[in-house]
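One-letter residues, chain by chain:
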Amino acid sequence: MKLHMQILIALGLGIKRNWHIFTGIILGIAVGIFLHSHEYPLVSTLLTFIGQIFIRLIQMVVIPLVVSSIIIGITSVGDNKQLGKFGTKMVLYYGIITTVAVVIGAGLALLFKPGVGAAGYIAQNTASEVQASVATAMAQQQGNILNIFLGFIPSNPIHSVAAGDMVPIIVFVVIFALALAKVGDVNRPIVSFFESVFAATMKITDWIMYVAAPGVFALTASAVSSFGIDIFTSISKYLVVLFIGFMLQLCVVYPLFLKFFSKVNIVMLYSAIAEAMMVAFGTASSSATLPLTVACCEKRGISHKIANFVLPLGATLNMDGTALLQTVAVIFLAQAYGVAITPFLLIQICVLAMIASSTCAGIPGAGLITIALILNGMGLSPEQLIAGFAFLFAIERVTDMMRTLVNVTSDAVVTAAIADNENEINYDLLNNPAAYEDIA
Ligand code: ASP
């Protein structure tokens, strides 16, 4: 089947699969418009309550999910010299692609200023409060930048877990996982334990997704009811900025990256992984797509050894599409709340977006939750920005589908580059789509 047909089908499947969430958004808009011109305080309170339940349920699973996925990812590498070499290259390549993504995100957001149009919808006292919190946090941090880095090392990891401080948690978990990988087979009980934790939290996430439609409905309805339909006009600029950013990654950055670091032809690679790209779009989950990404790469010329090492880690740690979105979203919120974006704040947002995206699990919606980490670094709590969050949640599913497609594509791009460098690609197969085996 021709590639463009496959992409059209994917669009259809993606929407069909997620139709109930789209219905939630549409109904939410309709109910919100009605409530905007009619006073029903009880209904409004109820909607806010339901939306909050949804947000809190997702927040609930973040820590177990992040901890278990990092431990499984790192220990699966083992303690082999060759894997160490692949690992270094993988971190470097994933790092390059994610850095470019946040720079593109920041550049576009500063250029098009998507948040400025939304400023009129933010209550003046909320805006002043947010501005003050950021100013205090920035003053403290700028005064002693070394303390920020010191704060990344947890003196008491349990305390960090209890306080929900993601960066120190991740620092500890990465060191712990590296040690587990080093000690060999004796690590089995702990790794199996975290495999169970991962499976169970994925299950809980599945369950939470059942309430995604009412949750999104409630969030959309309360956003629209308090601001009216005009808010979507200001959001549309945000969507356009994101779309341009994702397109730049797919059509400019990845081709240049492959040209620079390998002999892989981008069109051939995209046709090899077309099914994985479609499923990524439909499921909005890198983890759910992983088996297919591995199958596409392996059956179409990339060695089993490279595909099975680089792709699983990428599905958890490499989220350049998410990093791009998080950068744009936070700058959008800062612009909407009238927070001055100083160079220091901008660098902080970009660095935290790189960390926050790689701490996010490859499941639907995770990227919008780890944004809390960036806000936390700016001295803000998600509650303070709940209005902004509601807007972002209202269109969350659409942006999630787009960023997941980008995330999965870049996993395959990096895998192909490493396979090329290590002579682990069968080019006769990769460059001959007619010979591709079907993937069920
Ligand atoms: N859904 C994304 C993924 O699985 C993660 C995110 O929410 O950004 O890749």
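Residues numbered from 1 in each chain as written. Predicted model: local features only at pLDDT ≥ 70, side-chain atom pairs only at ≥ 80, totals over all residues. Heavy atoms only, no water.

Asker: For this particular structure, what's the right way to read the overall build of the protein chain?
Answerer: Looking only at helices and strands, the protein chain features 22 helices and 0 strands. Each of the 440 residues in the protein chain was classed as buried or not, and the buried ones make up 52%. Within the protein chain, contacts between residues at least 6 apart in sequence are counted, and of these 85% link residues at least 24 apart. When the accessible surface of the protein chain is totalled, it reaches about 19,200 Å², and 70% of it is carbon and sulfur. (Helix = DSSP H or I, 4+ residues; strand = E, 2+ residues; numbered from the N terminus. Buried < 20%, exposed > 50% of the residue type's maximum accessible area, 1.4 Å probe, protein only. Contact = heavy atoms within 4.5 Å. Areas by Shrake-Rupley, 256 points an atom, 1.4 Å probe, with all protein chains shown as cover.)

Asker: How should I be thinking about the confidence of the model for the protein chain in this particular structure?
Answerer: Caution applies to low-pLDDT parts of the model: their predicted coordinates are not meant to be read in detail. Summary statistics for the protein chain give a mean pLDDT of 81 and a share of 79% for residues scoring 70 or more. The least confident element of the protein chain, judged by mean pLDDT, is helix α1 (residues 3-17) at 51; the most confident is helix α16 (residues 320-336) at 92. Across residues 13-17, where pLDDT falls below 50, the model places 6 contacts with residues more than four positions away in sequence or in other chains. (pLDDT = per-residue confidence, 0-100.)

Asker: Sorry, what's going on with the site of the ligand here?
Answerer: Around the ligand, the structure places 17 residues, and the nearest of them are S286, T322, G367, D400 and R403. T322 has a polar side-chain atom sitting 2.6 Å from an oxygen atom of the ligand. At a separation of 2.9 Å, an oxygen atom of the ligand approaches a polar side-chain atom of N407. Summarising the interface, the protein chains cover 100% of the accessible area of the ligand, which totals 270 Å² for the free molecule. Put simply, the parts of the chain that give the shell around the ligand at least two residues each are α18 (366-369) and α21 (396-421). At 4 residues, the largest contribution of residues to the shell around the ligand is made by α21. A per-class count over the shell around the ligand returns 7 nonpolar, 8 polar and 2 charged. (Near = heavy atom within 4 Å. Polar contact = N/O pair within 3.5 Å; in protein donor to acceptor, adjacent residues only side chain to side chain. Nonpolar A, V, L, I, M, F, W, Y, C, P; charged D, E, K, R; others polar.)

Asker: Is there a simple way to think about a nonpolar patch on the surface in this case?
Answerer: Together, L111, F112, V240, I244, L248, V252 and L256 make up an exposed nonpolar region whose accessible area comes to about 590 Å². Elements with a minimum of two residues in the nonpolar patch: α4 (81-112) and α11 (231-261). Here the nonpolar patch gets 5 residues from one element, more than from any other, and that element is α11. Mapped onto the elements of the fold, F112 is located in helix α4. For F112, a relative accessible area of 34% corresponds to the partly exposed category. (Patch = residues over 30% accessible without salt bridge, like charges linked within 9 Å, V, L, I, M, F, W, Y side chains within 5 Å. Salt bridge = Lys/Arg side-chain N within 4 Å of Asp/Glu carboxyl O.)

Asker: I'm lost on the packing of aromatic side chains in this one. Help?
Answerer: Aromatic rings considered in pairs are described by the distance between their centres and by the relative angle of their planes. One pass over the full model with this rule turns up 8 aromatic pairs. Ring centres of Y93 and F257 lie 5.2 Å apart, and the angle between their planes is 90°; on these two criteria the pair is classed as edge-to-face. Residue Y93 is found in helix α4, and its partner F257 is found in helix α11; the two are separated by 164 residues along the sequence. Judged by its relative accessible area of 5%, F257 falls in the buried class. Taking 4.9 Å as the distance between ring centres and 50° as the angle between the ring planes, the aromatic pair formed by Y93 and F261 counts as tilted. Of this pair, Y93 sits in helix α4 while F261 sits in helix α11, placing them 168 residues apart in sequence. Looking at Y93, the relative accessible area reads 4%, which means it is buried. Through a chain of ring-to-ring contacts, the aromatic side chains of Y93, F257, F260 and F261 assemble into a single cluster. (Phe/Tyr/Trp six-rings, centres within 6.5 Å; stacked < 30°, edge-to-face > 60°.)

Asker: Hey, could you run me through the side chain of R300 in this one?
Answerer: Mapping R300 onto the fold places it in the loop between α14 (286-299) and α15 (304-317). Here the side chain of R300 touches A272 through a polar contact of 2.8 Å, landing on its backbone oxygen.

Asker: Explain the pattern of salt bridges to me, please; I cannot follow it from the model alone.
Answerer: A side chain with one charge can pair with a side chain of the opposite charge if their charged atoms come near. Counted according to the given criterion, the structure contains 4 salt bridges. Across the pair E195 and R188 runs a salt bridge whose closest N-O atoms are separated by 3.4 Å.

Asker: Looking at this structure, I do not really get the packing of α16 against helix α17 (residues 343-358). What am I missing?
Answerer: The geometry of a pair of packed helices is captured by two quantities: the angle between their axes and the separation between those axes. Here α16 crosses α17 at 140°, and the two axes come no closer than 9 Å. One finds that α16 runs oblique with respect to α17. In the crossing of α16 with α17, the sense of the turn from one axis to the other is right-handed. Here T322, A323, Q326, T327, V330 and I331 of α16 lie close against α17, whose contacting residues are L346, I349, C350, A353, A356 and S357. Grouping the constituent residues of the contact of α16 with α17 by class yields 8 nonpolar, 4 polar and no charged. (Axes fitted to C-alpha atoms, helices over the stretch in contact; angles between N-to-C directions. Parallel < 35°, antiparallel > 145°, perpendicular 65-115°, else oblique. Left-handed = near helix turned anticlockwise from the far one by under 90°.)

Asker: Would you take a moment to explain α14 for this structure?
Answerer: An α-helical turn contains 3.6 residues, so any two residues separated by three or four positions project in the same direction. Taking 1.5 Å of rise per residue, 14 residues should cover 20 Å, and α14 covers 19 Å from first to last C-alpha, within 8% of that figure. The principal kink in α14, of about 30°, is found at L292. The complete set of buried residues in α14 reads S286, S287, T289, L292, T293, V294, A295, C296 and C297. G301 occupies a position one or two residues after α14 and carries a positive phi of about 120°. (Expected span 1.5 Å × (residues − 1). Bend = angle between axes of the 7 residues up to and from the residue.)

Asker: Looking at this model, I keep getting lost on the environment of V408. Mind explaining?
Answerer: If you trace the backbone, V408 turns up in helix α21. Owing to a relative accessible area of 2%, V408 belongs among the buried residues under this scheme. Residues V408 and A284, spaced 124 residues apart in sequence, show a C-alpha to C-alpha distance of 9.9 Å. Filtering out sequence-adjacent residues up to four positions away, V408 remains in contact with A276, A280, S286, T289 and T293.

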